[in-house]
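Overview (structure and organization)
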Amino acid sequence: MRIYTLLGWLSLIVVASYAMFHISYEVEQVETELRSLNRQTLTEQEAIHVLKAEWSHLNRPEYLRELSRDLLPNMQDPTIAQIGTLDRIPERNDDAAAQVSLDVTRQ
Amino acid sequence: MIGRIKALRASHRRNTVTTIRRRPCVPSKRLPADGPAREAIETGRNRLMITGAVLFVAFGCIGLRLVDLSLLQPAEEPRLNRVVQSDRIETERADILDRNGSLLATGLATASPYANPRRVIDPDEAARQIASVLPSADADDMARRLKTDREFIWLHRKLTPRQQWDILRLGIPGLDFMREEARAYPYGNLMSHVLGFTDVDNHGLAGIEKGFDEQLRSEKGPLALSIDVRMQDIMRTSLSKAMETYSAIGATGVILDIKTGEVLSLVSLPDFDPYHPGSANEEQLRNRATQDVYELGSTFKIFTTATALDTGVVKMSGGYDATKPIHIARFTIRDDHAKRRWLSVPEIFMYSSNIGAAKMAMDFGTEAQQQYLGRLGLLAPSPIELPEVGAPITPQVWRTVTTMTVSFGHGIAVSPVQMAAAVAAVLNDGVYIPPTLLKRDAQKAAPEGRRVFTKATSHEMRRLMRLVVEQGTGKRADAPGFLVGGKTGTAEKQVAGRYARKKLISSFVGAFPINEPRYLVLAVLDEPKGTKETFNYATGGWVAAPVVKHVVERMGPLVGMTPVDPEAPDLRRDLAINVAPEGHTLASF
């Protein structure tokens, strides 16, 4: 009986110590992984940070103006007459619309 | 141990015979009933008990501590690794943003090469090679420093990644890099006077960088300014165009949110490259909007008229005789756009009559003038958050003639930003709100401010300022649909104590929409020269008003304002004004 108790305890000890070492190695491994991920995050962050600054730099009104002058030569500054509200657009006149469609079908 | 003591005590209590089996260390002979032997045993037993008790307590403590540590304490051991914050980067100096979150200033990681001269094998060769990569480096100087007996010398500060790569490729022993943060200003010159700059060790030396140095270095969150990059650009382009057209030596512009006191744009030209402030000259470095003080001329009539209306010395229907110039002391006060007749208050304002303004000021007196100007913040330096703030030049002795000249903006010099805030107070229902470069929380109520004029005076001033743009000297500021109101100002600059006729400070201060003023635009040109188009005039109405018009036209749609029809009946009623009251119209023609 005593021998079984002893064996039981011994195996428990073996299992427990194996589990402990296993977990501790596992933790170490995970920590290494975390360290590398952290490093990666920092690198990425830095890259994003630089990109943000670059984005701001590329959004300089001066530069955008230059681009629009070169690439959109027909665009002009909007005039006040071009700005309005929806209710300034006249209601659709159904009779006129019908007339137009009639004309189209006739042709 | 404890078991042993117990057994001993038990055997003693029983006071019986017996040999204690399994415990051969205890003497197995009978215990003597008394005598010295028994005493010795007693002593021994007592000592044993005490030792046992001490050990029991000690082990007990250790046991309890073990339980405590393993079960009860939270895992407080410092972890080797923490998860890094992934939302933002840790920088040495906080970022600066504009009101919409555009990045105005930030720190970028760079490498600075340094050397340990003791470990550099061939200083001359090393210096020659490094100098071939860094164009700004001086090979001889570097060789000399590499030969010193020190352990650390800077070779250069803040390299570009390209330069760092080039140096690394040289493979010189004894060289290393230190990570440093370089301040970057993505918008370049656009904000140079607002942001200022830092030195090589990232200490703020001017502008916001200096004004908020402490905060930028300690706080990690970004600093949001009230400036809007778009408005800033509109203002800067308009001003620099005008500066070029009229060959002005300088220009400055301010856009202010009248309700909150936020400065949306603050431009001072000429400006400088924030990356190379060292190569900028005095003219470029000076912030004309806050540091310089100018005699701004007729724009001061806004305050004179408002004070006159507020104190009740004259009503809108009232007026003054402006037939003849005023001669006082050795001065003569005359009108530039002389009408030589009785002028109503709206006419005085509209035609910018110096005589009329001087007479108004005489009516309310020196004391009232000082009081009102003081409450408008014109007699003390502006509270704006920049280190470069100029103190206004106010009259030393306030004589009658001083009161008269101050009424039309001579003999008192204020900075443009002070002027803008004061005019904003006139229009903001008469409440002065200190101008700020920091973004205000839109959720919070507008700042309290201090009341200077009554609401009624403010409304009358709005109508007068609209009149100037509709019919008076400021017609060229009328951006159709945005209801601009304003006032022109032209002053001669003092050169060696005298007014120089050809050296002008021409300004225009405008606000829109004038029926419910929200934005104030101030443009000042320093020494503009007239052109053929302006019939050689270089006055505020000719050179500065068009700048304001251009700015309003461009920024109106950006701030979500829809153009209105100025002839709409309710607007007409709101802004109606009786320019020439009955009975006086023909008085002195």
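So, here is what we can say about the structure in this document. (Residues numbered from 1 in each chain as written. Chains lettered and ligands numbered in written order. Predicted model: local features only at pLDDT ≥ 70, side-chain atom pairs only at ≥ 80, totals over all residues. Heavy atoms only, no water.)

1. Some details on the overall build of chain B
- What chain B contains, in helices and strands, is 18 helices and 16 strands.
- The 589 residues of chain B split such that 51% are buried.
- Long-range pairs, those at least 24 residues apart, make up 71% of the contacts in chain B with a sequence separation of at least 6.
- Total accessible area on chain B stands at roughly 28,900 Å², and carbon and sulfur atoms take up 53% of it. (Helix = DSSP H or I, 4+ residues; strand = E, 2+ residues; numbered from the N terminus. Buried < 20%, exposed > 50% of the residue type's maximum accessible area, 1.4 Å probe, protein only. Contact = heavy atoms within 4.5 Å. Areas by Shrake-Rupley, 256 points an atom, 1.4 Å probe, with all protein chains shown as cover.)

2. Topic: the sheet that holds strand β15 (residues 498-512) of chain B
All names here are of chain B.
- Here we have five strands laid out as an open sheet, ordered β7-β6-β16-β15-β14, and antiparallel in their pairing. Of all strands in the sheet, those bounded by a partner on one side alone are β7 (263-269) and β14 (485-495). The mean angle between the axes of side-by-side strands here comes to 10°, regardless of whether they run parallel or antiparallel.
- Sheet topology places β14 next to β15; eleven bridges connect them, and they run antiparallel. Within β15, the position partnered with T488 by the bridge is F508. (Pairing = 2+ DSSP bridges. Axes fitted to C-alpha atoms, helices over the stretch in contact; angles between N-to-C directions.)

3. Focus: unusual backbone geometry
Residues and elements named next belong to chain B.
- For the bond from L269 to P270, the omega torsion is -5°, close enough to zero to count as cis.
- Assignment of secondary structure puts P270 in the loop between β7 and α10 (282-285).
- Here the residue pair F512 and P513 is connected by a cis peptide bond, since its omega of -15° sits within 30 degrees of zero.
- Inspection of the secondary structure assignment puts P513 in the loop between β15 and β16 (519-526).
- One non-glycine residue, N202, lies in positive phi territory at about 65°.
- In this fold, N202 is placed in the loop between α6 (192-195) and α7 (207-211).

4. As for the packing of helix α11 (residues 301-311) of chain B against helix α13 (residues 354-375) of chain B
Residue and element names in this part refer to chain B.
- Contact geometry of α11 with α13 gives a least axis separation of 8 Å together with a crossing angle of 75°. Relative to α13, α11 is oriented roughly perpendicular. On α13, the residues that touch K301, F303, T304, T305, T307, A308, D310 and T311 of α11 are N354, A357, M360, A361, F364, A368, Y372 and L373. (Parallel < 35°, antiparallel > 145°, perpendicular 65-115°, else oblique.)

5. Some points on the interface of chain A and chain B
- Taken together, the contact between chain A and chain B spans 24 residues of the former and 34 residues of the latter.
- Broken down residue by residue, the surface that chain A buries against chain B is led by Q45, H49 and I80 of chain A, which jointly contribute 26%.
- Counting across the chain A and chain B interface gives two salt bridges.
- Taken together, the elements giving at least two residues each to the side of chain A that touches chain B come down to α1 (2-58) and α2 (61-71) of chain A.
- With 14 residues, α1 of chain A is the single largest residue contributor to the side of chain A that touches chain B.
- Residue composition of the side of chain A that touches chain B, grouped by class: seven nonpolar, nine polar and eight charged. (Buried area = accessible area lost by both parts, 1.4 Å probe. Salt bridge = Lys/Arg side-chain N within 4 Å of Asp/Glu carboxyl O. Nonpolar A, V, L, I, M, F, W, Y, C, P; charged D, E, K, R; others polar.)

6. Observations regarding the pairing of strand β4 (residues 175-184) of chain B
All names here are of chain B.
- Buried residues dominate β4, accounting for seven of its ten residues.
- With ten bridges connecting them, strand β2 (residues 103-115) and β4 associate as antiparallel partners. Bridging across to β4, A111 finds its partner in R179.

7. Some thoughts on the layout of surface pockets
- Approximately 1,800 Å³ is the volume attributed to the largest pocket.
- Surrounding the largest pocket, 48 residues form its lining, D336, N354, H410, E492 and Y499 of chain B being those nearest its centre.
- Counting residues per element, the lining of the largest pocket draws most heavily on β14 of chain B, at six residues.
- Put simply, the second largest pocket is a space of about 1,100 Å³.
- Lining the second largest pocket are 34 residues, and of these R65, S68, D77 and P78 of chain A together with R554 of chain B lie nearest its centre. (1 Å grid on protein atoms, 1.4 Å probe; cavity = no way out; pocket = protein on both sides within 12 Å on 5 of 7 lines; lining within 4 Å. Points joined across faces, edges and corners; volume = space filled by probe spheres on them.)

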